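Structural overview
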Amino acid sequence: MDKRQIALLACPVCHGKLIYDADAQELICRNDAMAFPIREGIPVMLPEEARTLTTDERLTPVR
């Protein structure tokens, strides 16, 4: 994804900043410990589609 596009997006739950994880193709919200998938280049910003970050993922910086 383009960094400009990512900068325009916000977490749908807390409206906080998202971090792009290119390897996992996810947008991560550290505040809510959620990872939103990116499918075929399109971010799926639905809370019910997000996965919960593990404890290790919450503490590890995104690559």
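Residues numbered from 1 in each chain as written. Predicted model: local features only at pLDDT ≥ 70, side-chain atom pairs only at ≥ 80, totals over all residues. Heavy atoms only, no water.

The next point concerns the environment of L53. Within the secondary structure, L53 is located in the loop between β5 (51-52) and α2 (55-59). With 25 residues separating them in the primary sequence, L53 and I28 have C-alpha atoms 8.5 Å apart. The contacts of L53, once residues within four sequence positions are left out, are I28, C29, A33, M34, A35 and R58. (Helix = DSSP H or I, 4+ residues; strand = E, 2+ residues; numbered from the N terminus. Contact = heavy atoms within 4.5 Å.)

The next point concerns the nonpolar core. If you look at the biggest cluster of nonpolar residues, it comprises 10 residues: I6, C11, L18, L27, C29, M34, F36, I38, M45 and A50. If you list the elements that add at least two residues to this core, you get β2 (26-29) and β3 (34-39). Considering each element in turn, this core owes the most residues, 3 residues, to β3. If we skip the residues at most four places from it in the chain, M45 touches A10, P12, L18, L27 and F36. (Core = buried A, V, L, I, M, F, W, Y, C linked by side-chain atoms within 4.5 Å. Buried < 20%, exposed > 50% of the residue type's maximum accessible area, 1.4 Å probe, protein only.)

The next point concerns the side chain of E26. Relative to the helices and strands, E26 resides in strand β2. On the basis of relative accessible area, E26 is assigned to the buried category, the value being 10%. Looking at E26, its side chain comes within polar contact range of the side chain of R51, at 2.8 Å. If near-sequence neighbours (up to four positions away) are discounted, E26 is found in contact with I19, Y20, D21, A35, F36, P37, I38 and R51. (Polar contact = N/O pair within 3.5 Å; in protein donor to acceptor, adjacent residues only side chain to side chain.)

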